[in-house]
Amino acid sequence: QVQLVDTGGGLVQAGGSLRLSCAASGRTFTMGWFRQAPGKEREFVAAINRNTYYSDSVKGRFTISRDNAKNTVYLQMNSLKPEDTAVYYCAANRGYSGSYYSQRVYDYWGQGTQVTVSS
């Protein structure tokens, strides 16, 4: 199995930036980020395999990237808004799925890292 450790969350003012990291213990193909705010369902944020994908709410502000040599994926979050406040979870799949936006296709998950954006 693959173990994921996601880090980099914190408190930032609106308009600020954070960079999340997710280190995987093994090789993966599709990696993604999801977030969950209190009282809300977990939602897709971004994913990467041979391409990158973003939810409409973060497109143009967030950038997902990976360092395959380190088995690490990053989420650069710029122009943060209070509505971005959530626990962010890294996810990975060792195979390929066209449904990268669905949490159901991911087999491995990080513990989550809290991102709080103040106004």
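Bear in mind that the values here come from a model prediction, so they are computed numbers and not experimental data. (Residues numbered from 1 in each chain as written. Predicted model: local features only at pLDDT ≥ 70, side-chain atom pairs only at ≥ 80, totals over all residues. Heavy atoms only, no water.)

Chemist: Break down the packing of aromatic side chains for me, with residues and values.
Modeler: What the rule picks out here adds up to seven aromatic pairs. Clustering of aromatic rings is evident, with ring pairs tying together F34, F44, Y53, Y100, Y101, Y106 and W109. Directly above the ring of W109 sits R42, whose terminal nitrogen or CZ lies 4.9 Å from the centroid. (Phe/Tyr/Trp six-rings, centres within 6.5 Å; stacked < 30°, edge-to-face > 60°. Lys NZ or Arg CZ within 6 Å of the ring centre and 35° of its normal.)

Chemist: So what's going on with the side chain of T113? Residues and values would help.
Modeler: Relative to the helices and strands, T113 is located in strand β11 (residues 113-118). Sequence-distant contacts of T113, that is, excluding residues within four places in its chain, are made with D6, T7, G8, G9, L20, A86, V87 and Y88. (Helix = DSSP H or I, 4+ residues; strand = E, 2+ residues; numbered from the N terminus. Contact = heavy atoms within 4.5 Å.)

Chemist: How would you summarise the sheet that holds strand β7 (residues 62-67) if you had to cite specific residues and measurements?
Modeler: Strand-to-strand pairing in sheets goes through backbone hydrogen bonds, with the strands running parallel or antiparallel. An order of β1-β3-β8-β7 is seen for the four strands of this open sheet, with the pairing classed as antiparallel. The sheet is open, and its two edges are formed by β1 (4-7) and β7, each paired on a single side. The mean inter-strand angle of the sheet, taken between neighbouring strand axes irrespective of direction, is 15°. Across six bridges, the pairing between strand β3 (residues 18-24) and strand β8 (residues 72-77) is antiparallel. Along β8, the bridge assignment pairs L20 with L75. (Pairing = 2+ DSSP bridges. Axes fitted to C-alpha atoms, helices over the stretch in contact; angles between N-to-C directions.)

Chemist: Which residues make up unusual backbone geometry, and what are the values?
Modeler: If you check the backbone angles, N71 has positive phi at about 50° while not being a glycine. Backbone geometry at S79 places phi at a positive 50°, although glycine is not the residue there. You can see S79 is positioned in the loop between β8 and β9 (86-93).

None of the figures reported here should be taken as evidence of function without further support.
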